[in-house]
Amino acid sequence: MDEPVLLSALQHFVFCPRQCALIHLEHEWSENAHTTRGQQTHERAHSGQNEARDGVTTLRALPLTSRQHGLTGVSDVVELHAGRPIPVEYKSGRAKPRLADEVQLCAQALCLEEMFDATIPAGFIYHAGSHKRREVPFTPDLRAAVLAVRDGVRDLLRDRVLPPPAADDRCERCSLFDECEPFAPRAFPPGYDPFSTTLEDR
Ligand code: SF4
């Protein structure tokens, strides 16, 4: 059986497959302002006690797993409304491009559905900056995207090949910019032979 895929790896893969490989294959990690803020937001979400108020039980840092879908991780917050779990993911900054946050949240829901034998139609992303939560419906397309991304992560970890850099605006906010060197020259173009080319030809 395949190793379960980390929920965080799904988010990294959607954001940038190369970032996912650097973190989960090469075990690179660096902090920048974005990751430090995100870390503090997650720590706040995980701190404090589980509590019950107004009929809602709040569980923090709940370990999540799905044997059926091969996923594992830890939630920020799970709210139990009349026993039905609803995942809430805490985010410090603006929404990540390409539905990275939504995929991570829906993957949590797939775990919770299996753990609680429940159907979860939607969850929430809480934006710490605005103190607002945004509802994310778990549509069939989003659920299918989670499984497709999981397969992409599995292929990446199995093949152990570092994907090419995105080299676009994602890199500006990426904490692994220095390790990745996304704009560094990499390979000579096809047909280019540096030993038979004169300086004038370059
Ligand atoms: S610097 Fe750019 S290409 Fe490199 S890992 Fe980050 S987002 Fe991906």
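In what follows, the structure referred to is the one given above.
This report concerns the structure included in the present document. Sequence order sets the numbering: in each chain, residues are counted from 1 along the sequence as written. Owing to the predicted nature of the model, reporting of local features is limited to residues with pLDDT of at least 70; listing and counting of side-chain atom pairs is limited to 80 or more, with chain, interface and lining totals taken over all residues. Excluded from the side-chain calculation are hydrogens and water; included are all heavy atoms of the structure.

1. So, the nonpolar core
- Side-chain atoms within 4.5 Å link the members of a nonpolar core, which is a set of buried Ala, Val, Leu, Ile, Met, Phe, Trp, Tyr and Cys residues. Exposure is judged per residue with a 1.4 Å probe applied to protein chains only, and the accessible area is read against the type maximum: over 50% gives exposed, under 20% gives buried, and values in between give partly exposed. With 33 residues, the main nonpolar core has Leu10, Leu71, Phe138, Val146 and Val153 as its most contacted residues.
- Segments assigned H or I by DSSP are reported as helices when at least four residues long, segments assigned E as strands when at least two residues long, and all are numbered from the N terminus. Taken together, the elements giving at least two residues each to this core come down to helix H1 (7-15), helix H2 (17-24), strand E6 (77-81), helix H4 (100-116) and helix H5 (140-159).
- Looking at this core, the element that brings in the most residues is H4, giving nine residues.
- Contacts are assigned to residue pairs with any non-hydrogen atoms lying within 4.5 Å of each other. Excluding residues within four positions of it along the chain, Phe138 makes contact with Pro87, Leu105, Cys106, Ala109, Ile120, Pro121, Ala122, Gly123 and Arg143.

2. Side note on the packing of H1 against H5
- The contact between H1 and H5 brings their axes to 9 Å, and the two run at 90°. Here H5 runs roughly perpendicular to H1, going by the angle between their axes. Here Ala9, Leu10, Phe13 and Val14 of H1 lie close against H5, whose contacting residues are Val146, Val149, Arg150, Gly152, Val153 and Leu156.
- Residues are sorted three ways: Asp, Glu, Lys and Arg are charged, Ala, Val, Leu, Ile, Met, Phe, Trp, Tyr, Cys and Pro are nonpolar, and all the rest, Gly among them, are polar. A per-class count over the contact of H1 with H5 returns eight nonpolar, one polar and one charged. To get an axis, a line is fitted to the C-alpha atoms, and for a helix only the part in contact is used. The angle between two axes follows their N-to-C directions and goes from 0 to 180 degrees. For classification, angles of less than 35 degrees are called roughly parallel, those exceeding 145 degrees roughly antiparallel, those between 65 and 115 degrees roughly perpendicular, and all remaining angles oblique.

3. Notes on the site of the ligand
- In these notes, residues near a molecule or strand are those with any non-hydrogen atom within 4 Å of it. In the vicinity of the ligand, the contacting residues are Phe15, Cys16, Gln19, Leu22, Pro165, Ala166, Ala167, Cys171, Cys174, Phe177, Cys180 and Pro182.
- Put simply, the parts of the chain that give the shell around the ligand at least two residues each are H2 and helix H6 (177-180).
- Looking at the shell around the ligand, its residues break down into eleven nonpolar, one polar and no charged.

4. Quick notes on unusual backbone geometry
- If you check the backbone angles, Ala82 has positive phi at about 50° while not being a glycine.
- Residue Ala167 is not a glycine yet carries a positive backbone phi of 50°.
- In this structure, Ala167 sits in the loop between H5 and H6.
- Under the relative-accessibility criterion, Ala167 is labelled partly exposed at 33%.

5. Comments concerning the side chain of Gln108
- In this structure, Gln108 sits in helix H4.
- The residues contacting Gln108, other than those within four sequence positions of it, are Leu7, Leu64, Ser75, Pro87 and Glu89.

6. Points about the packing of H1 against H4
- Close contact between H1 and H4 brings their axes to 8 Å; oriented N to C, the two are set at 155°. The angle between H1 and H4 falls in the class roughly antiparallel. In this structure, H1 crosses over H4, and the sense of that crossing is right-handed. Listed contacts from H4 to Leu7, Ser8, Leu10, Gln11, Val14 and Phe15 of H1 are Ala100, Asp101, Val103, Gln104, Ala107, Gln108 and Cys111.
- In the contact of H1 with H4, the residues fall into eight nonpolar, four polar and one charged. The hand of a helix crossing depends on one turn: near helix anticlockwise from the far one by less than a right angle means left-handed, and clockwise means right-handed.

7. Section: the pairing of strand E5 (residues 71-74)
- Taking every second residue as pointing to the same face, the buried face of E5 carries Leu71 and Gly73, while none of Thr72 and Val74 on the other face is buried.
- Strands qualify as paired when DSSP identifies two bridges or more between them. Of the pairings in the sheet, the one linking strand E1 (residues 5-6) to E5 comprises two bridges and is parallel in character. Within E5, the position partnered with Val5 by the bridge is Leu71.
- In sequence, strand E4 (residues 63-66) turns back onto E5 through a hairpin of four residues, with Gly70 there showing a positive phi of about 65°.

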